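# Coordinates in review
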Amino acid sequence: MTLVHTVRLRFGDLSRAAATHTNLSAVRVDGRVLWIAGDETATVERLVADDPAQPAEYADERTFRLADFIDLPGPDADEEADIEGLARTGHFLWAVGSHSLRRKQIKVRHDGDKALRRLARVEGQENRQVLLRLPIAEVDGLPTPVREIVVDGEHHRAAQLDKRDGLRTLLRHDAHLAPFLAIPGKDNGLDIEGIAVSGDRVYLGLRGPVLRGWAFVLELRPYVDPAEPGRLRLRPFDDGLEYRKHVLDLDGLGVRDLCPDGDDLLVLAGPTMSLDGPVRIYRWHGAYRVAMPAVVRGEVLTRELEITYGEGDDHAEGMGLIGRPGDKLAMIVFDSPAAVRLTDDGAVIADVVRLPR
């Protein structure tokens, strides 16, 4: 890994109390601000750079509750949404939840039958089943989520993919993915961990399942239902399906994040199971020009970098381009950061790495 420098991410007291700073799962650079999410809340955080050209620190955090913009599907508006991907394009910020199930863990105090019963418990959370689009407006000089904006005389509201045509429903008969819907994400079940948006197309990267070493990226074409302006629906492709599947040869790894770079997609890849590594960045060349389901390998998919990882910590979860367009720099944020990444004054350290030119 070509480490160029590090960046301090400074969170407020509430986020530190919620452990957001140690559960980072998604990041997107947006000019002078950084959008970031943790996987234990139902919020999106905005941090501001001290120097937009070459930031050493992002601070001045502001928290935005998703429930202030959309009606989350779960009974508790503050139950975690497990936001695993953020995308910023045009006048909108996109976010996607993991859509995964989770299995209870055996903890140190558990033993015998109680431990086995706990390991047998699988549960889902409705707030994880979200794909949403928030309008962004300039407020006090900073991009800020709002419930509605007007662009060229047209009103745009905060909108989400409705439960009636949600992704788990959409995939229930899929030949490859349907068998994994009932399996927890950490067990190679369905687990979305990246999003990228280009025009009317949304790409979702799957950490799992990985099938015989092949990882999946789903391609969707969401649109706003004119009769229900807060509802996203999916436009069918030429074959009548409302999604496309692309399979990527990531050497047995799953997708941990997606990041657009021109017509290419950068893919942060890591283990689908509860393992530390390896972790790599791949480049899917010309991803946005693909007009049909693709088998992505060979010269179209190149391994760019090996990313550092720890033993039980430092799990790279988010990636975003930083600096000027020609700098080829990517910021990497980590879930379960190593102790050395946590500063005495409450910040957490992210890495900035150089991509091959």
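Look a little higher up for the structure.
Attention here is on the structure that accompanies the text. Residue numbers here run from 1 along each chain, matching the order of that chain's written sequence. Given that this is a predicted model, residues contribute local features only at a pLDDT of at least 70 and side-chain atom pairs are listed and counted only at 80 or more, while totals for whole chains, interfaces and linings are drawn from all residues. Remark: hydrogens and water are excluded; side-chain values derive from all non-hydrogen atoms of the structure.

Moving on, we come to the sheet that holds strand β1 (residues 3-10). A pair of strands counts as paired when DSSP detects no fewer than two bridges linking them. Starting at the N terminus, helices and strands are each numbered in turn, a helix being any DSSP run of H or I of at least four residues and a strand any DSSP run of E of at least two. The 8 strands are arranged β2-β3-β4-β5-β1-β28-β27-β26 in an open sheet whose pairing can be described as mixed. Only two strands of the sheet have a single neighbouring strand rather than two, namely β2 (24-30) and β26 (315-322). This sheet shows a mean twist of 30° between the axes of neighbouring strands, independent of strand direction. Two strands pair when backbone bridges link them, and β2 and strand β3 (residues 33-38) are joined in this way by 6 bridges, in the antiparallel orientation. All axes are obtained by fitting lines to C-alpha atoms, using only the stretch in contact for helices, and the reported angles, taken between N-to-C directions, cover 0 to 180 degrees.

What follows deals with the environment of Val 122. By secondary structure assignment, the location of Val 122 is in strand β9 (residues 122-123). Between buried and exposed lies partly exposed: a residue is buried under 20% and exposed over 50% of the maximum accessible area for its type, with that area taken using a 1.4 Å probe on protein chains only. The exposure class assigned to Val 122 is partly exposed, which follows from its relative accessible area of 38%. When the C-alpha atoms of Val 122 and Ala 182 are compared, they prove to be 8.8 Å apart, with 60 residues separating the residues in sequence. Every residue pair with non-hydrogen atoms within 4.5 Å of one another is taken to be in contact. Val 122 has contacts with Leu 101, Arg 102, Arg 103 and Pro 184, leaving out every residue within four places of it along the chain.

Another aspect to go through is the packing of aromatic side chains. Each pair of aromatic rings taken from Phe, Tyr and Trp, with Trp reduced to its six-membered ring, is defined by centres within 6.5 Å and is described as stacked if the planes are under 30 degrees apart, edge-to-face if over 60, and tilted in the remaining cases. Overall, the coordinates contain 2 aromatic pairs when judged by the stated rule. With a centroid separation of 6.3 Å and an interplanar angle of 50°, the aromatic rings of Trp 35 and Phe 64 are classed as tilted. Residue Trp 35 is found in strand β3, and its partner Phe 64 is found in strand β5 (residues 57-65); the two are separated by 29 residues along the sequence. Overall, Phe 64 belongs to the buried group, its relative accessible area being 4%. Only lysine NZ and arginine CZ atoms are considered, and such an atom sits over a ring when it is within 6 Å of the ring centre and within 35 degrees of the ring normal. One cation-aromatic arrangement involves Arg 133 over Phe 92; the distance from NZ or CZ to the ring centre is 3.7 Å.

Another aspect to go through is the pattern of salt bridges. Take a side-chain nitrogen of Lys or Arg and a carboxyl oxygen of Asp or Glu: if they are within 4 Å of each other, that pair is a salt bridge. Within this structure, the stated rule accounts for 39 salt bridges. Residues Arg 65 and Asp 78 are paired through a salt bridge, measuring 3.0 Å at the closest nitrogen-oxygen approach. Of this pair, Arg 65 sits in strand β5 while Asp 78 sits in the loop between β5 and β6 (83-89), and the two are 13 residues apart along the sequence. Residue class for Arg 65 comes out partly exposed when judged on its relative accessible area of 29%. Of the residues examined, Asp 78 reaches a relative accessible area of 49% and is grouped as partly exposed. Residues Glu 80 and Arg 102 are paired through a salt bridge, measuring 3.6 Å at the closest nitrogen-oxygen approach. Of this pair, Glu 80 sits in the loop between β5 and β6 while Arg 102 sits in strand β8 (residues 102-103), and the two are 22 residues apart along the sequence. Accessibility expressed as a relative area gives 9% for Glu 80, which makes it buried. Among the ionic contacts, a cluster of salt bridges with common partners joins Glu 80, Asp 82, Arg 102, Lys 104, Arg 121, Glu 123 and Arg 128.

For the rest of this paragraph, the subject is the pairing of strand β23 (residues 279-284). Taking burial as the measure, the 6 residues of β23 include 6 buried ones, the bulk of the element. Both strand β22 (residues 264-270) and β23 contribute to a ladder of 5 bridges, which runs antiparallel. Bridging from a neighbouring strand, Leu 265 pairs with Trp 284 of β23. Direction of pairing for β23 relative to strand β25 (residues 301-307): antiparallel, over a ladder of 6 bridges. Bridging across to β25, Val 279 finds its partner in Ile 307.

Read from one edge to the other, the open sheet built from 4 strands follows the order β21-β22-β23-β25, with strand pairing classed as antiparallel. Each having just a single partner strand, β21 (254-261) and β25 make up the two edges of the open sheet. Going across the sheet, the axis of each strand differs from the next one's by a mean of 25°, ignoring polarity.

The sheet contact formed by β1 and β5 spans 2 bridges and is parallel. Note on β5: the bridge partner recorded for Leu 9 is Tyr 58. The pairing of strand β4 (residues 43-49) with β5 spans 6 bridges and is antiparallel. Bridge assignment links Glu 45 to a residue of β5, and that residue is Thr 63.

A word on unusual backbone geometry. In this structure, the amide linkage connecting Gly 208 to the following residue, Pro 209, adopts the cis form with an omega of 0°. Among the secondary structure elements, Pro 209 is positioned in the loop between β16 (201-208) and β17 (214-220). The residue after Gly 277, namely Pro 278, is reached through a cis peptide bond having omega 10°. For Pro 278, the position within the fold is in the loop between β22 and β23. Phi at Asp 60 is positive, roughly 50°, even though this residue is not glycine. By the element assignment, Asp 60 lies in strand β5. Take Asp 60: its relative accessible area is 61%, and that puts it in the exposed class. The residue Asp 251 is not glycine, and still its phi comes out positive at about 60°.

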